[in-house]
Amino acid sequence: MTAAVFLRALKDRWPTMLALAVGLALFLGMMAWWYPEYRAQAEISMKLLPSFIKKMMGARVSMARPEGYVSWILIHPLCLAMLATWAIGVPSAAIAGAIERGTLAFTLSGPITRARFILAQVGLLVLGQAVTVAACVGAVAAMFAWHAVVLPGGLAGWLLASLQALLLMLGIGGVTLLLSAAASESANAFRPAIALMMMALFVSLFGDVFRALEPLKPLSPFSWFRPYEPLAGKETAWTAWACLAGLPLVTMLGAWQVFARRNLSI
């Protein structure tokens with residue numbers, strides 16, 4: 001029965017997943033295509049940047065280096081927005097949206113437990129997010145290979161950077177799923193999720209610029225997202241991996257507990 005719920009949800013969502021994957025591949029592939037032209041002017045551009053922007057870039061520089069350029073396009077606002085469309089849209093519709101539509105009570109009247117239902121939704125979230133991340137990273141890697149640009153981290157670097165991006169988005173998806181498990185309308189899940197994501201990104205980007213925000217940086221999952229390290233052939237601290245993996249795990253378990261205990265009639 002879990003598989004049936006998963007396949008039904010996948011049937012409803014696969015056009016969105018495909019559109020996001022194609023859009024991400026085209027956008028990031030286009031940005032990667034321009035890298036050789038950008039690299040020729042990058043050193044001059046970096047010298048002209050204001051000091052506060054250089055501070056904000058922190059360890060992600062230099063964009064003249066291929067690993068720096070890739071890490072920056074992976075946190076491009078449009079890239080994050082498209083990835084988060086799945087991470088926020090699917091979980092918010094999974095529970096709160098189903099309650100709002102009046103379909104959840106009918107689904108749970110069959111031989112399926114709440115635990116199996118939420119497991120099917122997590123499976124859909126993971127599958128779709130893996131496809132979208134693979135599309136964007138794969139497009140960048142393909143364009144770099146076409147231009148014969150080799151990153152120090154090699155294939156392992158690309159895979160580890162992809163894993164970091166996947167865990168980051170699953171963390172956002174887990175937070176949204178937790179909100180969805182407690183809400184009865186999808187808007188009450190995706191609006192707070194978007195707000196939390198924007199605040200976390202703001203803290204990560206400007207934590208090195210404004211001293212008041214610096215203590216908050218460890219609370220932002222974007223501060224743990226360091227694709228430039230594996231791409232450059234460097235090790236990422238185990239604490240960053242633990243935080244990236246821990247957020248989706250904790251929030252998804254929390255969503256299961258909240259959903260298992262809540263009254264679906266309110």
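As a starting point, this report considers the structure included with it. None of the values given here were measured: they were computed from a predicted structure.

## Topic: the overall build of the protein
Thought 1: When its secondary structure is counted, the protein shows 12 helices and 0 strands.
Thought 2: Element order for the protein, N to C, with α for helix and β for strand: α-α-α-α-α-α-α-α-α-α-α-α.
Thought 3: Per-residue burial over the protein gives 48% buried out of 266 residues.
Thought 4: Long-range contacts, defined as pairs at least 24 residues apart, comprise 77% of the intrachain contacts of the protein with a sequence gap of at least 6.
Thought 5: For the protein, the exposed surface amounts to about 13,100 Å²; the carbon and sulfur share of it is 70%.

## A few points about the pattern of salt bridges
Thought 1: Tallied over the entire structure, the rule returns 2 salt bridges.
Thought 2: Taking the shortest distance from any N to any O, the salt bridge between D12 and R8 comes out at 3.6 Å. With D12 and R8 both in helix α1 (residues 2–33), this residue pair falls 4 residues apart, about one helical turn. The same class applies to D12 and to R8, which are both exposed.
Thought 3: Two residues, R65 and E67, come together in a salt bridge whose shortest N-O distance is 3.3 Å.
Thought 4: A relative accessible area of 44% means that R65 is categorised as partly exposed.

## Overview of the packing of aromatic side chains
Thought 1: Applying the stated criterion across every chain yields a total of 4 aromatic pairs.
Thought 2: Relative to Y69, the ring of Y35 lies with its centre 4.9 Å away and its plane at 50 degrees, an arrangement referred to as tilted. Of the two residues, Y35 is situated in helix α2 (residues 35–48) and Y69 in helix α4 (residues 66–74); the sequence distance between them amounts to 34 residues. Both residues of the pair, Y35 and Y69, count as buried.

## So, the packing of helix α5 (residues 77–94) against helix α8 (residues 114–146)
Thought 1: In the contact formed by α5 and α8, the axes pass within 9 Å of each other and the chain directions differ by 170 degrees. Overall, the two elements α5 and α8 adopt an arrangement that is roughly antiparallel. Listed contacts from α8 to L83, W86, A87, V90, P91 and A94 of α5 are F117, Q121, L124, L125, G128, Q129, T132, V133 and C136.
Thought 2: Across the contact of α5 with α8, the residue classes tally to 11 nonpolar, 4 polar and no charged.

## Some thoughts on the packing of α5 against helix α9 (residues 154–182)
Thought 1: At a minimum axis separation of 8 Å, α5 and α9 run at an interaxial angle of 30 degrees. When the axis of α5 is compared with that of α9, the two are roughly parallel. Both α5 and α9 take part in a crossing whose hand is right-handed. Every residue of α9 that contacts α5 at L80, L83, A84, A87, I88, P91, S92 and A94 is listed here: M169, I172, G173, T176, L177 and S180.
Thought 2: Among the residues making up the contact of α5 with α9, the classes are represented as 10 nonpolar, 4 polar and no charged.

## A short note on the environment of R8
Thought 1: With a relative accessible area of 55%, R8 lands in the exposed category.
Thought 2: For the pair formed by R8 and A120, sequence separation is 112 residues and the distance between their alpha carbons is 9.8 Å.

## So, a nonpolar patch on the surface
Thought 1: A grouping of W14, L18, V22 and L26 is seen on the molecular surface, where their side chains present a nonpolar patch of about 410 Å² in accessible area.
Thought 2: Looking at the secondary structure, you find V22 in helix α1.
Thought 3: Given the relative accessible area of 40%, V22 is considered partly exposed.

Parameters at a glance
Residues numbered from 1 in each chain as written. Predicted model: local features only at pLDDT ≥ 70, side-chain atom pairs only at ≥ 80, totals over all residues. Heavy atoms only, no water. Helix = DSSP H or I, 4+ residues; strand = E, 2+ residues; numbered from the N terminus. Buried < 20%, exposed > 50% of the residue type's maximum accessible area, 1.4 Å probe, protein only. Contact = heavy atoms within 4.5 Å. Areas by Shrake-Rupley, 256 points an atom, 1.4 Å probe, with all protein chains shown as cover. Salt bridge = Lys/Arg side-chain N within 4 Å of Asp/Glu carboxyl O. Phe/Tyr/Trp six-rings, centres within 6.5 Å; stacked < 30°, edge-to-face > 60°. Axes fitted to C-alpha atoms, helices over the stretch in contact; angles between N-to-C directions. Parallel < 35°, antiparallel > 145°, perpendicular 65-115°, else oblique. Nonpolar A, V, L, I, M, F, W, Y, C, P; charged D, E, K, R; others polar. Left-handed = near helix turned anticlockwise from the far one by under 90°. Patch = residues over 30% accessible without salt bridge, like charges linked within 9 Å, V, L, I, M, F, W, Y side chains within 5 Å.

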